[in-house]
Amino acid sequence: MPDQEVEWETALVPIKDWLSKQPHLPNDVDDILLRRFYTSCGQNLERVKKTMDLFFTIRSTTPELFTKRDPWAPEIRQVFDIADMCPLPNKTKENYRVFIYRLNNPDYDLFNFVDAIKTFFMLADTRLTEEDDIPSGEIPIFDSNYITLKFIGKINLAILRKYMLYTQEAIPIRLKQVHIINSPSYIGKIFALCKPFLNPNVAKLIKFHEPGSDTLYKDVPQELLPTEYGGKAGSVDQIKRYWMKRVEAKRNWFLANDKNWAVDESLRPSANNDEKIKKVKDLPGSFRSLAFD
């Protein structure tokens, strides 16, 4: 709609102006992404500035997740083979986007935590830079059917910490609900690893659902879900393959974006070095996964 486009152009002018005056930040940022920041930050310009700076800073300090992102790389292909990451085609009446995330293979020897998070963010970037229809909120559903206590041994705590910080504080989305379905009795032990990094407001959104229960449908209409969950959205495999093709079609963008969205810390103005940014830069890099027998 022409009027809406004019409104967007007007709203983005001060953001683009600010961004052009930040020598340490990338200037070539898609308008669609800027719209995401504007809406997710409640149209608050100061909040947009801080969130965008944190967004690019975390990406630049975590090369394990945001460099060498080739959709055709064997490790990325393997993640797509053993895990299902599915933004569902239809939204709720509140205009919330729903997701299904799950392992589809119980063989943990095939699973690499860092590669899985990297692939997850590739899918997220595809949406953030291509979806014009911005949802009012997002509802991730994590199916823990194949999660056992041995999964703890696959978790890289340094990457988990940055993942939690990035998804809660930097990525331009609005979490409305978080659901853990088919949760085993020992899910609390796994959840305990994440709890120290959880924002209290996000923690309040999390609901656990026992295997075989239908309590999820009180919050998420069943018809929006894949056929494997009794819904009408098509099969998990169909939905996943659609998104795999979207990610693959963006291959050149991923390979170039490693350097296009980098932060040059040597050029950072002192006024843009608040405590949160300092904390991010002080976070340790990746280290080995936990030992677990």
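Residues numbered from 1 in each chain as written. Predicted model: local features only at pLDDT ≥ 70, side-chain atom pairs only at ≥ 80, totals over all residues. Heavy atoms only, no water.

1. Some points on the domain arrangement of the protein
Phase 1: Partitioning the protein into structural domains gives domain 1 (2-61 + 263-278) and domain 2 (74-251).
Phase 2: For domain 1 and domain 2, the distance between their C-alpha centroids amounts to 26 Å.
Phase 3: At the junction of the two partners, domain 1 supplies 17 residues and domain 2 supplies 19 residues.
Phase 4: Both faces considered, domain 1 and domain 2 share a buried interface measuring about 1700 Å² in area, 57% of it formed by carbon and sulfur atoms.
Phase 5: Joining domain 1 to domain 2, the criterion identifies four salt bridges.
Phase 6: As a salt-bridge pair, R36 and E138 come within 3.4 Å of each other at their nearest N and O atoms.
Phase 7: The interface formed by domain 1 and domain 2 contains six residue pairs in polar contact (both at pLDDT 80 or more). (Domains from an automatic or database assignment. Contact = heavy atoms within 4.5 Å. Buried area = accessible area lost by both parts, 1.4 Å probe. Salt bridge = Lys/Arg side-chain N within 4 Å of Asp/Glu carboxyl O. Polar contact = N/O pair within 3.5 Å; in protein donor to acceptor, adjacent residues only side chain to side chain.)

2. Things to note about the pairing of strand β3 (residues 137-143)
Phase 1: Taking burial as the measure, the seven residues of β3 include six buried ones, the bulk of the element.
Phase 2: In terms of strand pairing, strand β2 (residues 96-103) meets β3 through seven bridges, oriented parallel. Among the inter-strand pairings, R102 is bridged to a residue of β3, identified as D143.
Phase 3: As for the winding sense of the linkage, the β-α-β connection from β2 through helix α6 (residues 113-130) to β3 is right-handed.
Phase 4: With three bridges connecting them, β3 and strand β4 (residues 178-181) associate as parallel partners. Bridging from a neighbouring strand, I141 pairs with H179 of β4.
Phase 5: A crossover connection joins β3 to the parallel β4 through helix α7 (residues 157-170); in handedness this β-α-β unit is right-handed. (Buried < 20%, exposed > 50% of the residue type's maximum accessible area, 1.4 Å probe, protein only. Helix = DSSP H or I, 4+ residues; strand = E, 2+ residues; numbered from the N terminus. Pairing = 2+ DSSP bridges. Right-handed = clockwise from strand over helix to strand, strands pointing away.)

3. Remarks on the pattern of salt bridges
Phase 1: Under the counting rule described, the total for this entry stands at 23 salt bridges.
Phase 2: Across the salt bridge formed by D132 and R35, the nearest N and O atoms sit 3.7 Å from each other. Of this pair, D132 sits in the loop between α6 and β3 while R35 sits in helix α2 (residues 31-40); the two residues are 97 residues apart in sequence, bridging distant segments of the chain.
Phase 3: Overall, the relative accessible area of 10% leaves R35 in the buried class.
Phase 4: For the salt bridge of R77 with E248, the shortest nitrogen-to-oxygen distance reads 2.2 Å. Here R77 is found in helix α5 (residues 74-82), whereas its partner E248 is found in helix α10 (residues 236-249), with 171 residues between them in sequence.
Phase 5: Exposure remark for R77: the relative accessible area of 24% places this residue in the partly exposed category.

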